Amino acid sequence: MRLSLTLTTLLLLTPLNLQAQQPADALAPSWKVGTAVAKITPQRRLHMSGYSSRKTPAEGTEQELFGKAIAIEDQQGKRVVFVTLDLIGVLDELRATVAKEVQQQFKLPPQQLLMNASHTHCGPAYGREDAKDYFDSLAKDLVKIVGQAIERLEPARLTYSQARCSVAINRRTPTERGFLNHPNPNGPVDHTVPVLAAHDGAGKLKAVVFGYACHNTTMGFYRWLGDYAGFAQEYFQADHPGVTALFMMGCGGDQNPYPRSELKYAKMHGRSLATAVEAALETNQRTLRHQRPIRGAIKAAMGTVDLEFSDPKRSDFAYPVQVIRLGDELMLVALGTEVVVDYSLRLKRELGKQDGPAIWVAGYSNVYNGYIPSRRVLLEGGYEARSRPWKPELEQRIIGQVHELVGQLKK
Ligand SMILES: [Zn+2]
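Undergrad: I'm lost on the overall build of the protein in this one. Help?
TA: Along the backbone of the protein there are 10 helices and 23 strands. Projected onto its principal axes, the C-alpha positions of the protein cover 70 × 50 × 40 Å. Put simply, the protein has 411 residues, and 56% of those count as buried. Of the contacts formed within the protein by residues at least 6 apart in sequence, a portion of 77% connects residues at least 24 apart. Put simply, the protein shows about 17,900 Å² of open surface, and 51% of that area lies on carbon and sulfur atoms. Side chains of the protein give 50 positive and 42 negative charges; the mean places of these two sets differ by 2 Å.

Below, the structure written as structure tokens:
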């Protein structure tokens, strides 16, 4: 009774013209979007990244690897560019090279460039001395696609929506001997699949950026492969010819896809994730309640926070944190290297507000340098805690930096 009364009151209070205008407004292309893609599969045998047990180079290609760029421009001409990569991580040298070049060539400031890697364990170890030629051509290709994406900017509307996918399982199992790297169906996960969709002026889907928090470790063989994220992008694009699908890795530092170790599972996981992206778009099409047509301005801020090691001989690590706002509807937090899931769960809890922007937390962004455990994971121990001798204050420092940047963007 109370509910129906409230609804009636709401309907009465809502001006009729607003009800009528909302869908038309939502369809207006108030942004510009452009995309570009480069094939980055190594053309010769290189060593692979992800498992130290692999001592010999790759033996072939199961699936092409891609670098993809999406440029987004607001009505004031301000831009952000996301670069997503089927690679293990964004090495510091790669980020520095690409960021410098795109600032010089396209006047894109570093805080408006987000680079994210899928963390596939079947990509090249491109930081090795013997992969220098690959590194150089990779950096060149990425600068080129950023330029192409900017050149191709055309009117678009942006929407945000989300669905869920349950491929990821927490991989920290408590035992009497400590935490083992083993599927723990009771451990924390983030099964959200955030989706940013761009439709062109004619209303046709043009690009999707979708996220997921899970290691790309279904496979560990000797062939180039984008793993589940590679298949999710491939399948989505095959089902939507002409659409560019970009994968943005989330806080999957302690998450694995299960089952693993057979190619068919990588394909199944990819299909599951691609289907979740479809589900997110479905909520977009059918009801305004779950979609967020994005309007407004781009705001971006980036900072570093010094993370300390408990070993006094090691100097602090300047850890990059980036926050990008698209209008009042979406806030994307991009954290560096292998962040565990606690960060995305905590940040969504602390930053999420009923009427506020949707919160999207990416990991594996802008730097790749070992695990970033939460305080909990660090104190519990286990695989993700052993990577670097961090002081437990790291979580509070990172979260503090995020809040500071978010605060800056409110001004
Ligand atoms: Zn990892």
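Undergrad: Explain the sheet that holds strand 22 (residues 358-362) here, please?
TA: In any sheet, the strands associate via hydrogen bonds between backbone groups, in a parallel or an antiparallel arrangement. Ordered by their spatial adjacency, 4 strands build an open sheet running 18-19-20-22, and the pairing between neighbours is mixed. Of all the strands in the sheet, the pair left with one neighbour each is strand 18 (298-307) and strand 22. When strand polarity is set aside, the average angle formed by the axes of neighbouring strands in this sheet is 15°. When strand 18 meets strand 19 (residues 317-326), the two strands line up antiparallel, connected through 10 bridges. Among the inter-strand pairings, Met 302 is bridged to a residue of strand 19, identified as Gln 322. In this fold helix 7 (residues 341-351) packs onto strand 20 (330-335) and strand 22, with an angle of close to 155° to the strand it touches most, strand 22.

Undergrad: What should I look at first to understand the packing of aromatic side chains in this one?
TA: Evaluated as defined, the whole model comprises 10 aromatic pairs. For the ring pair Phe 210 and Phe 247, a centre distance of 5.7 Å and an interplane angle of 65° mean the geometry is edge-to-face. With Phe 210 in strand 13 (residues 205-212) and Phe 247 in strand 15 (residues 244-249), this pair connects stretches of sequence that are 37 residues apart. By relative accessible area, Phe 247 is classed as buried at 1%. Ring-pair connections join several aromatic residues into one group, and the members of that group are Phe 210, Tyr 212, Tyr 228 and Phe 247. For Arg 172, the ring lying beneath its charged end belongs to Phe 179, and the centroid distance is 4.6 Å. Lying across the ring of Phe 309, Arg 314 places its NZ or CZ 4.4 Å from the centre.

Undergrad: I keep staring at the side chain of Thr 217 and nothing clicks. Help me out?
TA: On the secondary structure map, Thr 217 appears in the loop between strand 13 and strand 14 (223-224). Those residues in contact with Thr 217 that sit more than four places away from it in its chain are Tyr 51, His 121, Asp 227, Asn 256, Pro 257 and Arg 260.

Undergrad: Quick question: what am I supposed to make of the coordination of the zinc ion here?
TA: Tetrahedral coordination by four donors places them ideally at 109.5 degrees to one another around the metal; octahedral coordination by six donors ideally gives 90 or 180 degrees. Within the first shell, the zinc ion binds the protein through His 119 (NE2), His 215 (NE2), Glu 338 (OE) and Tyr 371 (OH), at distances of 2.1 to 2.7 Å. Between the 4 donor atoms coordinating the zinc ion, the angles at the centre fall across 85 to 179°, so the site counts as irregular.

Undergrad: Would you take a moment to explain the nonpolar core for this structure?
TA: Most often, soluble globular proteins have nonpolar side chains that are buried together. Membership of the largest hydrophobic core comes to 46 residues, with the highest contact counts inside it found for Leu 85 and Leu 94. Sorting the residues of this core by element identifies strand 1 (31-39), strand 4 (66-73), strand 5 (79-85), helix 3 (92-106), strand 6 (113-117), helix 4 (132-151), helix 5 (227-239) and helix 6 (263-286) as the ones contributing at least two each. Counting residues per element, this core draws most heavily on helix 4, which supplies 10 residues. If we ignore the near neighbours within four places in the chain, the residues touching Leu 94 are Leu 85, Met 115, Tyr 126, Phe 135, Leu 138, Ala 139 and Leu 142. Tyr 319, Val 340, Leu 347 and Val 406 belong to the second largest nonpolar core, which has 32 residues in total.

Cut-offs used in this document
Residues numbered from 1 in each chain as written. Predicted model: local features only at pLDDT ≥ 70, side-chain atom pairs only at ≥ 80, totals over all residues. Heavy atoms only, no water. Helix = DSSP H or I, 4+ residues; strand = E, 2+ residues; numbered from the N terminus. Buried < 20%, exposed > 50% of the residue type's maximum accessible area, 1.4 Å probe, protein only. Contact = heavy atoms within 4.5 Å. Areas by Shrake-Rupley, 256 points an atom, 1.4 Å probe, with all protein chains shown as cover. Lys, Arg positive; Asp, Glu negative; His and termini not counted. Charge placed at Lys NZ, Arg CZ, Asp CG, Glu CD. Pairing = 2+ DSSP bridges. Axes fitted to C-alpha atoms, helices over the stretch in contact; angles between N-to-C directions. Phe/Tyr/Trp six-rings, centres within 6.5 Å; stacked < 30°, edge-to-face > 60°. Lys NZ or Arg CZ within 6 Å of the ring centre and 35° of its normal. Donors = N, O, S within 2.8 Å, 3.2 Å for Na, K, Ca; no water. Tetrahedral: all angles 85-135°; square planar, octahedral: opposite > 155°, others 65-115°. Core = buried A, V, L, I, M, F, W, Y, C linked by side-chain atoms within 4.5 Å.

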